[in-house]
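One-letter residues, chain by chain:
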Amino acid sequence: MALACAAGLFRFSYHRYVNRREFLLASAAFHTPLLALDEHPVRLSLDPARKLGPIPPDFIGLGYEISSVAAGIFSADRHDYVALVKKLGSNGVIRIGGNTSDDAFFRAQGRSVSAPKGTIVNGDNLRQLGAFLAATRWKLIWGLNLGSGTVAQAVEEAKAVSSAAKDNLLAFEIGNEPDLFGRGTSHRPSNYSYQDYLREYRTYKTAIRRELPGASFAGPDAASATDWVTRFAADEGRDLVLLTHHYYRECAKPSSTIEKLLGPDPKLAPQLQELRTAARATHVPYRICEVNSFCGGGKPGVSDTLASALWVLDYMFTLAWAGAAGVNIETGVNQLGWMSWYSPLITDNSGNVFTRPEFSGMLAFAYAS
């Protein structure tokens, strides 16, 4: 059953209205002793009658590199991890993919290897993942290797994932960020185009459907080329369960500050409007299936602070307002092989799991909705 998203306005006692981002910046100031605080009393006013739209029950999600599966993070015996995921909601979506997925391979009887390149996922890894999904009752989006794999390998992997996840498999994605294949990665020549991707996608999809007639698909899993999503919606919309896109404020660099993170991003509103328009035109919901503060693992002192909790809370409500079907907050070991600063959930070398600030922001959204 869809839940209602109510909007509110924050009002200071001297009758100045502020938007949500201004309020978050003020909240961050309370934890920054070097900033001067306004001592005026604050009164908050909410308008529960103003409804902006439904929030699907599986809106909240987590995103992982496929290397996390080989590392053994997912197991029904990991009761601490299961409990934290369930705390975010009784329904949710785990997306497995990332840059490592286009350099990863399934070997049913092989030795599992978790690495930035050359990850090997075996049958035991997938069975553990299936048990984890059953324990949390969360669904799965699984990314198949388009970058360096073959059609036959994708079919074998899809069959194994489907067998392990059973009814908890939501969809397959074919390729991770294919809009970067010709420029940001070495998977394809520099002239690689959307039409090239569409041809490859359809070849993979057709082969998988021969073995798994009921297989569902999502895509195109674009990094930044929103027009790929709108074109994919028009070309494949009748045969998709989700349109998928990624978002990061920017890649981590000296300018990646708290002020930038909590400030407005001029590219976000137009992007969401394009996605919403494509979703409405084709009746296929859209999901931001990989997102966090700053790409490349985040920025220490920013992505692992209270500011990140405020950012993720604001971002999730922004997506709900923009009609998104859900969001997968990226967490865990990144494509470079280390634990991202922005991770809501982290594990140490002994396998213990801990939360970082973004988990609190996600939890606040879960409770609010």
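Here goes a summary of the coordinates provided. (Residues numbered from 1 in each chain as written. Predicted model: local features only at pLDDT ≥ 70, side-chain atom pairs only at ≥ 80, totals over all residues. Heavy atoms only, no water.)

## A closer look at the overall build of the chain
For the record, the criterion: Where helices and strands are cited, they refer to DSSP runs of H or I of at least four residues and of E of at least two residues respectively, numbered from the N terminus. Only protein chains enter the calculation, and the probe is 1.4 Å; a residue is then buried if its accessible area is under 20% of its type maximum, exposed if over 50%, and partly exposed in between. Working rule for contacts: check all heavy atoms of both residues, and any pair within 4.5 Å makes them a contact. Surface accessibility in these figures is a Shrake-Rupley result with a 1.4 Å probe; residues are shielded only by whichever protein chains are displayed.
When its secondary structure is counted, the chain shows 11 helices and 15 strands. Split into buried and exposed, the 369 residues of the chain put 53% on the buried side. At a minimum sequence separation of 6, the contacts of the chain that also span at least 24 residues come to 76%. For the chain, the exposed surface amounts to about 16,100 Å²; the carbon and sulfur share of it is 56%.

## Brief notes about the packing of helix α9 (residues 268–282) against helix α10 (residues 306–321)
How we decide: Lines fitted to the C-alpha atoms define the axes, with helices restricted to the stretch that makes contact. Angles between their N-to-C directions range from 0 to 180 degrees. Handedness of a crossing follows from how the near helix is turned relative to the far one, being left-handed for an anticlockwise turn of less than a right angle and right-handed for a clockwise one. Side-chain classes are defined by residue name, with Ala, Val, Leu, Ile, Met, Phe, Trp, Tyr, Cys and Pro counting as nonpolar, Asp, Glu, Lys and Arg as charged, and the others, Gly among them, as polar.
At a closest axis distance of 10 Å, the pairing of α9 and α10 adopts a crossing angle of 40°. Judged by the twist between their axes, the crossing of α9 over α10 is right-handed. Contacts between α9 and α10 involve Leu 268, Leu 272 and Arg 276 from the first element and Tyr 315, Thr 318, Leu 319 and Trp 321 from the second. A per-class count over the contact of α9 with α10 returns 5 nonpolar, 1 polar and 1 charged.

## Some thoughts on the environment of Pro 54
With respect to the helices and strands, Pro 54 occurs in strand β3 (residues 42–55). Classification of Pro 54 by relative accessible area gives exposed; the value is 53%.

## Topic: the pairing of strand β13 (residues 326–330)
Test applied: Here, any two strands with at least 2 DSSP bridges between them count as paired. Handedness of a crossover is defined as follows: with both strands directed away from the viewer, a clockwise route from the first strand across the helix to the second makes it right-handed.
Burial analysis of β13 places 5 of its 5 residues in the buried class, which makes it a mostly covered element. Side-chain alternation along β13 places Gly 326, Asn 328 and Glu 330 on one buried face and Val 327 and Ile 329 on a second face that is also buried. Pairing of strand β12 (residues 286–295) with β13 involves 3 bridges; the strand directions are parallel. Bridge pairing in β13 places Val 291 opposite Ile 329. With respect to chirality, the unit in which β12 leads through α10 into the neighbouring parallel β13 is right-handed.

## Concerning the packing of aromatic side chains
We count it as follows: Aromatic rings from Phe, Tyr and Trp, taking only the six-membered ring of Trp, are treated as a pair when their centres fall within 6.5 Å; an angle between ring planes under 30 degrees marks them as stacked, one over 60 as edge-to-face, and anything in between as tilted.
One pass over the full model with this rule turns up 16 aromatic pairs. Ring centres 5.2 Å apart and planes at 75° place the aromatic pair Phe 74 and Phe 132 in the edge-to-face group. Linking Phe 74 in the loop between α2 (67–70) and α3 (79–87) with Phe 132 in helix α4 (residues 123–136), this pair joins segments that are 58 residues apart in sequence. As far as the burial class goes, Phe 74 and Phe 132 line up, both buried. Here Tyr 247 and Tyr 315 contribute two aromatic rings whose centre-to-centre distance is 5.2 Å and whose plane-to-plane angle is 10°, an arrangement assigned as stacked. In this pair, Tyr 247 sits in strand β11 (residues 242–251) while Tyr 315 sits in helix α10, placing the two residues 68 residues apart along the sequence. Here the aromatic cluster, defined as three or more aromatic residues joined through ring pairs, consists of Phe 172, Tyr 194, Tyr 197, Tyr 201, Phe 217, Trp 228 and Phe 232.

## Concerning the nonpolar core
Heads up, the rule is: Only buried residues count toward a nonpolar core. Its members are Ala, Val, Leu, Ile, Met, Phe, Trp, Tyr and Cys residues joined through side-chain atoms within 4.5 Å.
If you look at the biggest cluster of nonpolar residues, it comprises 93 residues, and the most contacted ones within it are Leu 140, Trp 142 and Phe 172. The element contributing the most residues to this core is α10, with 9 residues. In this structure Leu 140 touches Ile 94, Ile 96, Leu 129, Leu 133, Val 161, Ala 165, Asn 168, Leu 169, Leu 170 and Ala 171, once residues within four positions along its chain are discounted.

## Side note on the sheet that holds strand β8 (residues 139–144)
Taken together, the 8 strands give an open sheet; going across it, the order is β9-β8-β5-β4-β13-β12-β11-β10, and neighbouring strands pair in parallel fashion. In this open sheet, the two strands that pair with only one neighbour each are β9 (169–174) and β10 (218–222). With direction set aside, neighbouring strand axes in the sheet form an average angle of 20°. Sheet strands touched by α10: β4 (60–65), β11, β12 and β13. Its angle to β12, the strand with the most contacts, is close to 155°.

## Some words on the pattern of salt bridges
To be explicit about the condition: Here a salt bridge means any side-chain nitrogen of Lys or Arg lying within 4 Å of a carboxyl oxygen belonging to Asp or Glu.
Evaluated as defined, the whole model comprises 17 salt bridges. Residue Asp 265 is joined to Arg 249 by a salt bridge in which the shortest nitrogen-to-oxygen separation is 3.6 Å. Taken together, the residues span a long stretch of sequence, with Asp 265 in the loop between α8 (258–262) and α9 and Arg 249 in strand β11 at a distance of 16 residues. Asp 265 gets classed as buried once you look at its relative accessible area, which sits at 10%. Among the residues examined, Arg 249 registers a relative accessible area of 12% and is labelled buried. Linking Glu 250 and Lys 260 is a salt bridge whose minimum nitrogen-to-oxygen distance equals 3.0 Å. One end of the pair, Glu 250, is in strand β11; the other, Lys 260, is in helix α8, and 10 residues separate them in sequence. Accessibility expressed as a relative area gives 14% for Glu 250, which makes it buried. In this structure, a network of salt bridges that share partners links the residues Arg 202, Lys 205, Arg 209, Glu 236 and Asp 239.

## A short note on the pairing of β8
Most of β8 sits inside the fold, with 5 of its 6 residues counted as buried. The pairing of strand β5 (residues 93–97) with β8 spans 4 bridges and is classified as parallel. Of the residues in β8, the one forming a bridge with Arg 95 is Ile 141. Read from β8 through helix α5 (residues 151–165) to β9, the crossover connection turns out right-handed.

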